[in-house]
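Fold and contact review
The residues making up each chain are set out below.
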Amino acid sequence: MSVDDDLQDTVARLVRAGKGILAADESLPTIAKRFAAVGIEATAENRRAYRSLLFTTPGADAFISGVILFEETLAQRAGDGTPLPEVLARAGIVPGIKVDQGKVPLAGAPGDEVTQGLDGLGARLRTYRGLGARFAKWREVYTIGPHNPTLLGIAVNAEVLARYAAACQAEGLVPIVEPEVLIDGDHPLERCEEVTLEVLHAVFDALHRHRVTLEHILLKPSMVLPGKASGPKAAPDVVAAATLRVLKRAVPAAVPGINFLSGGQGPEEATANLNAINLGFPTAPWALSFSYGRALQEPVLKTWEGKPENVVAAQRVFHRRARLNGLARQGAYQPRMEREA
Ligand code: 13P
């Protein structure tokens, strides 16, 4: 298979109808924070047990097309000795890998940050591919403040995302391009809309300059939301209208899929908003789906609590959230389903 055919095959598998992506790529400090919130010790064995709980959930493959892994997980094994990426591949789920190495302050742009990890990226991508990864993820973040993000921050982050995406396609991995406008702050929804539009325009300009094939990427944006500290949440139809306005203006129709991050929304909120987005644009040129971390996992972690006797119950919770988001991805979710068995 040519590299292009290979990328096309991976994209087609990731955007299948009714399915989305599970982001289970929390770095060591982040998973430690998630574990601490429910009293689980952050050991390699607990991380392995937790991720195998997720990946061996019976029937989850009906709603999950891909899973983003953290580097450590690529080399870990399920209880029966099967490498975790192979557990996924056998279930028809595409294994992916987070390849950015975290963010640092961006010099010259106080309040903005930039993500590291471009040095040596090609060699790392070859290694990850050898371990079974077929797609990758890189996240840039944008904080909204009175003076942020700056023009410099927007330009630099776009450039880095484009260099990462070009490197991925050269190595046969589909890049998930993730510009996350953070929910933190007391700004109104309109300000988030304005920032997200600027960010996406810069990202697609950079992708074009770096000769990235848009047909072979997935975009992972944040939804357009009011700041977390701004007061009441916006209704799903308001979030959907603002989010779709931005996407229609900035995302070329060649992009096959838009898989939103949950970014601090509650699990039910993230599902309801995704559903409203699909209802708001049934003829969208892109698949409108999810690539959720917290919104899929929070209730699972709470149920599991690190105890083997809770694994089956926790898998049921994961299956349910995956199923409801699979419905939302088709505009077929209803809030009353949350209360049904
Ligand atoms: P959340 O859905 O928890 O925002 O995580 C998605 C993700 O992968 C962030 O990089």
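Scroll up a little and you will see the structure.
Model, not experiment: these values are computed from the prediction. (Residues numbered from 1 in each chain as written. Predicted model: local features only at pLDDT ≥ 70, side-chain atom pairs only at ≥ 80, totals over all residues. Heavy atoms only, no water.)

The next point concerns the overall build of the protein chain. Helices and strands together make up the secondary structure of the protein chain, namely twelve helices and ten strands. At 19 Å, the protein chain has a C-alpha radius of gyration in line with the 20 Å of a compact globule built from 341 residues. The principal-axis extents of the C-alpha atoms in the protein chain amount to approximately 50 × 45 × 40 Å. For the protein chain, with 341 residues in total, the buried portion stands at 55%. (Helix = DSSP H or I, 4+ residues; strand = E, 2+ residues; numbered from the N terminus. Rg over C-alpha atoms; globule rule 2.2 N^0.38 Å. Buried < 20%, exposed > 50% of the residue type's maximum accessible area, 1.4 Å probe, protein only.)

A few words now on the sheet that holds strand β3 (residues 94–98). The strand order around the closed barrel formed by eight strands is β1-β2-β3-β6-β7-β8-β9-β10, and the pairing between neighbours is parallel. Across two bridges, strand β8 (residues 218–219) lies against strand β9 (residues 257–260) in parallel orientation. Across the sheet, residue Leu218 finds its bridge partner in β9, namely Gly257. Packed onto the sheet, helix α7 (residues 151–170) meets β6 (135–142) and β7 (174–181) and runs at close to 175° relative to β6. (Pairing = 2+ DSSP bridges. Contact = heavy atoms within 4.5 Å. Axes fitted to C-alpha atoms, helices over the stretch in contact; angles between N-to-C directions.)

Further remarks concern the site of the ligand. In the vicinity of the ligand lie 13 residues, with Lys137, Lys220, Ser262, Gly263 and Arg294 positioned nearest. The backbone of Gly263 places a nitrogen or oxygen atom 2.7 Å from an oxygen atom of the ligand. Arg294 has a polar side-chain atom sitting 2.7 Å from an oxygen atom of the ligand. When the ligand sits alone it has 300 Å² of accessible area, and the protein chains cover 91% of it. Considering only residue class, the shell around the ligand consists of three nonpolar, four polar and six charged. (Near = heavy atom within 4 Å. Polar contact = N/O pair within 3.5 Å; in protein donor to acceptor, adjacent residues only side chain to side chain. Areas by Shrake-Rupley, 256 points an atom, 1.4 Å probe, with all protein chains shown as cover. Nonpolar A, V, L, I, M, F, W, Y, C, P; charged D, E, K, R; others polar.)

Geometric descriptors of this kind do not, in isolation, establish any biological role.
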